[in-house]
Amino acid sequence: MGAASTVILDGGMGRELQRRGAPFRQPEWSALALSEAPQAVEAVHAAYIESGANVITSNSYAVVPFHIGEERFAAEGQALAALAGELARRAVDAAGKPVRVAGSLPPLFGSYRPDLFDAKRVTELLTPLVKGLAPHVDLWLAETQSSIVEARAIHAGLPKDGKPFWLSFTLKDEDVDEVPRLRSGEPVAEAAAVAVELGVETLLFNCSQPEVIGAAIDAAREAFERLGVNIQIGAYANAFPPQPKEATANDGLDPLRDDLDPPGYLQWAADWRKRGASHLGGCCGIGPEHIAVLAQKLA
């Protein structure tokens, strides 16, 4: 993997908003600032671009009933998604750099909870997000997906607009065995084969401990080699301690690990690149200062 081919992604949005003193509480999480302080959202995007990110992600992760409630989602979901896309695009335009905007399509029923997936409601929740984001984004990113069934469902609900589809899974990072697995328990090798079938351009692993990502990259790379396909691989870990199976995204703020400061995180990212990852960034608790180090050392 040549150094010049590394794509630098952005880092987390929610923690960075909180750190900057933007309106931030649970259960709304990063969605609160969309309506109450959109300029803060745009400022975080700008900080990531300034740090060297080649791709920034729309702040649409929490625009789901799980975070903003059923009534508000029904009334404002599409408008909030559109605002999220617009703020990201505005930050790119202001920076004047060739940065792409990824449209974040989150877990529709709650992070880390494959058990809450409800196939009957996918269209109802996904359509407003896609319609709101579509005019503003360069690619679609289904992120923090816990199971293959939800990834398939999101792919099925995408417009046939020719935009690349990136898929990012969150990994089991407690009670692990020798097989890297999604939070559903499904093996990464199986998820990688499905990514091929869905025409995914880049397969990523996010919102998991750095410790479990290397093995997942290996499993994906080996699956792609076996299938004779050239799909890019990426990673953006979080800075949390392990997330138990019964975790919910609204239980309170997790502490951040002291060892995942920018130099500490760089060591993990450098290892992922050696294993074949070409797209590197950060998730919850990884901020612009981390991304700046990745851009300086790995891009």
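Residues numbered from 1 in each chain as written. Predicted model: local features only at pLDDT ≥ 70, side-chain atom pairs only at ≥ 80, totals over all residues. Heavy atoms only, no water.

A closer look at the pairing of strand β5 (residues 165-169)
So, point 1. Within β5, 5 of the 5 residues are buried, leaving the element largely enclosed by the surrounding structure.
So, point 2. Both faces of β5 are covered, namely the face carrying Phe165, Leu167 and Phe169 and the face carrying Trp166 and Ser168.
So, point 3. As defined by bridge partners, strand β4 (residues 139-145) adjoins β5 across 4 bridges and the pair is classed as parallel. Bridge pairing in β5 links Trp140 to Phe165.
So, point 4. With helix α7 (residues 148-156) bridging β4 and the parallel β5, this β-α-β connection has right-handed handedness. (Buried < 20%, exposed > 50% of the residue type's maximum accessible area, 1.4 Å probe, protein only. Helix = DSSP H or I, 4+ residues; strand = E, 2+ residues; numbered from the N terminus. Pairing = 2+ DSSP bridges. Right-handed = clockwise from strand over helix to strand, strands pointing away.)

Details of the sheet that holds strand β8 (residues 279-282)
So, point 1. One open sheet accounts for 8 strands, arranged β1-β8-β7-β6-β5-β4-β3-β2; its pairing is parallel. The sheet is open, and its two borders are formed by β1 (7-8) and β2 (55-57), each paired with just one other strand.
So, point 2. Across 4 bridges, the pairing between strand β7 (residues 232-237) and β8 is parallel. In the strand pairing of β8, Tyr236 is matched with Gly281.
So, point 3. Running over the sheet, helix α11 (residues 288-298) touches β1 and β8 and is turned about 155° from β8. (Contact = heavy atoms within 4.5 Å. Axes fitted to C-alpha atoms, helices over the stretch in contact; angles between N-to-C directions.)

Considering the nonpolar core
So, point 1. If you look at the biggest cluster of nonpolar residues, it comprises 89 residues, and the most contacted ones within it are Ile56, Leu105, Leu108, Leu203, Phe205, Trp272 and Leu294.
So, point 2. Once you skip the residues sitting within four places of it in the chain, Leu105 turns out to touch Leu126, Leu129, Val130, Leu133, Trp140, Leu141, Ala142, Glu143, Gln145, Ile154 and Leu158.
So, point 3. Core analysis: the second largest hydrophobic core is formed by 14 residues, Leu9, Val55, Ala102 and Tyr236 among them. (Core = buried A, V, L, I, M, F, W, Y, C linked by side-chain atoms within 4.5 Å.)

Description of the UniProt feature "binding site: Zn(2+)" (unreviewed entry) in the chain
So, point 1. Per the UniProt record, the feature "binding site: Zn(2+)" (unreviewed entry) sits at Cys207, Cys283 and Cys284. In summary, the annotated positions, though distributed over 78 residues, converge in three dimensions, the widest C-alpha pair being only 6.8 Å.
So, point 2. Topologically, Cys207 is positioned in the loop between β6 (202-206) and α9 (210-227).
So, point 3. With near-sequence residues (within four places) excluded, Cys207 lies in contact with Tyr112, Thr144, Thr170, Arg183, Tyr236, Ala237, Asn238, Cys283 and Cys284.
So, point 4. Those residues within four positions of Cys284 in sequence are excluded, and the remaining contacts are Gly12, Cys207, Asn238, Ala239 and Phe240. (UniProt positions renumbered as here; feature names shortened; annotations may be inferred.)

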